[in-house]
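Architecture at a glance
Here's the letter readout for the chains.
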Amino acid sequence: MTQTSSSVVDDWDRHWRENVDSNAQNPAQAYRRELIFEALTLDRAHAPVRLLEIGCGSGEFSASISARYPEVDLVGLDLSRAGLDMAQTRVPRAAFFQQDLALPFALPERYAGFATHAVCTEVLEHLDDPIGALKNVRAGLAPGARLVITVPAGPMSAYDRHLGHRAHFTRARLERTLRDAGLEVEAVHGAGFPFFNLYRLTVIARGQRLIADADGALPLSARAAIWTFGRLFRLNFHSGARGWQLIAVAREPRHVDTPETAHH
């Protein structure tokens, strides 16, 4: 998604055209997907399930959801036209819409209050106003909808800054962001200790060299590291205080107080 309300401008059309292959090889992506699947609890959800992906990018997660849960009615949002085209190719049965998260929800009326579940993964750290963005997309959530959010914690790398990360989160900041957006927070925890943290330290140590690697064919050393971390991630703790992959579960309130009801 390209944000234009800041001095930092993210060219996500270019990113998806040039880096979609290296992004797909990132072991953190596969690890994150498993955390999200677990938090969504779709195996116990009442049908029909309607899932809204907020910031769907090139459709990697959408494709995983579609393959694992083909009965789910899937809608994705992103500002990047190039990413949306890739997502539509990957998941032809899903509906994808261009949406600037800094602006009010602009999908067709039938998608108002559509989603029983929603995912917003590795998006909020790119936004100048994550609270405002969440307030905007709440228009697409049904009362009681379950929303799973992931954001990075820990220090930023040169590659994070290259991608336009505004800031990384703490558990307290993520919980406050969700509450300030009007959502009910069920859980916020850190996943990935110790090996996800070690992976992030490796990314930080690579510095500017990682940017060059992502723009071309990955060297043998990078491919070996990807293979190694992909296996080490199976040994991570999936919750706790020390993991640098933050994951939260929130809900759209079932009842919204009005001035008339707030005093009763």
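These numbers were taken from a predicted model, which means no experiment stands behind them. (Residues numbered from 1 in each chain as written. Predicted model: local features only at pLDDT ≥ 70, side-chain atom pairs only at ≥ 80, totals over all residues. Heavy atoms only, no water.)

Some words on the overall build of the chain
Note the cut-off: Only runs of H or I of at least four residues qualify as helices and only runs of E of at least two qualify as strands under DSSP, and these elements are numbered from the N terminus. The cut-offs for exposure are 20% and 50% of the maximum accessible area for each residue type, with area from a 1.4 Å probe on protein chains only; residues under the lower value are buried, those over the upper are exposed, and the others partly exposed. We call two residues in contact whenever any of their non-hydrogen atoms come within 4.5 Å of each other. Method for areas: the Shrake-Rupley scheme with a 1.4 Å probe, in which residue coverage is limited to the protein chains shown.
Summing up its helical and strand segments, the chain has 10 helices and seven strands in all. Among the 264 residues that make up the chain, the fraction classed as buried is 52%. At a minimum sequence separation of 6, the contacts of the chain that also span at least 24 residues come to 77%. In the form shown here, the chain has an accessible surface area of approximately 12600 Å², with 55% of it arising from carbon and sulfur atoms.

Notes on the packing of helix H5 (residues 130-137) against helix H7 (residues 171-180)
When two helices pack together, their arrangement is given by the angle between their axes and by how far apart the axes lie. Just so we agree on the cut-off: Each axis is a line fitted through C-alpha atoms, and for a helix only the stretch in contact is used; angles between axes span 0 to 180 degrees, taken between their N-to-C directions. For this classification, under 35 degrees means roughly parallel, over 145 means roughly antiparallel, 65 to 115 means roughly perpendicular, and everything else is oblique. A crossing counts as left-handed when the near helix is turned anticlockwise from the far one by less than a right angle, and as right-handed when that turn is clockwise. Lys, Arg, Asp and Glu make up the charged group, whereas Ala, Val, Leu, Ile, Met, Phe, Trp, Tyr, Cys and Pro make up the nonpolar group; the residues left over, Gly among them, are polar.
With their axes 8 Å apart at the nearest point, H5 and H7 run at an angle of 45° to one another. Taken together, the axes of H5 and H7 lie oblique to each other. H5 and H7 meet at a crossing whose hand is right-handed. Residues Pro130, Ile131, Leu134 and Lys135 of H5 touch H7, and the partners they reach there are Arg173, Thr177, Leu178 and Asp180. When the residues that make up the contact of H5 with H7 are grouped by side-chain class, the tally is four nonpolar, one polar and three charged.

Details of H7
Counted only if it meets this: Working definition: the arc comes from the directions between the helix axis and the C-beta atoms, pointing outward to the latter.
The set of residues buried in H7 consists of Leu174, Thr177 and Leu178. Looking down the long axis of H7, one finds its buried residues gathered within 95° of arc, a one-sided arrangement. Close packing links the buried residues of H7 with H5, strand E5 (141-152), strand E6 (184-191) and strand E7 (245-251). Downstream of H7 by a residue or two, Gly182 has a phi angle that is positive, lying close to 95°.

Quick notes on the pattern of salt bridges
What counts here: Here, a salt bridge means any side-chain nitrogen of Lys or Arg that lies within 4 Å of a carboxyl oxygen of Asp or Glu.
A complete count under the given rule lists 10 salt bridges for this structure. Residue Asp85 is joined to Arg81 by a salt bridge in which the shortest nitrogen-to-oxygen separation is 3.3 Å. Here Asp85 and its partner Arg81 are both found in helix H4 (residues 81-90), four residues apart, which amounts to about one turn of the helix. Via salt bridges that share partners, Arg146, Glu186 and Arg251 belong to a single interconnected network.

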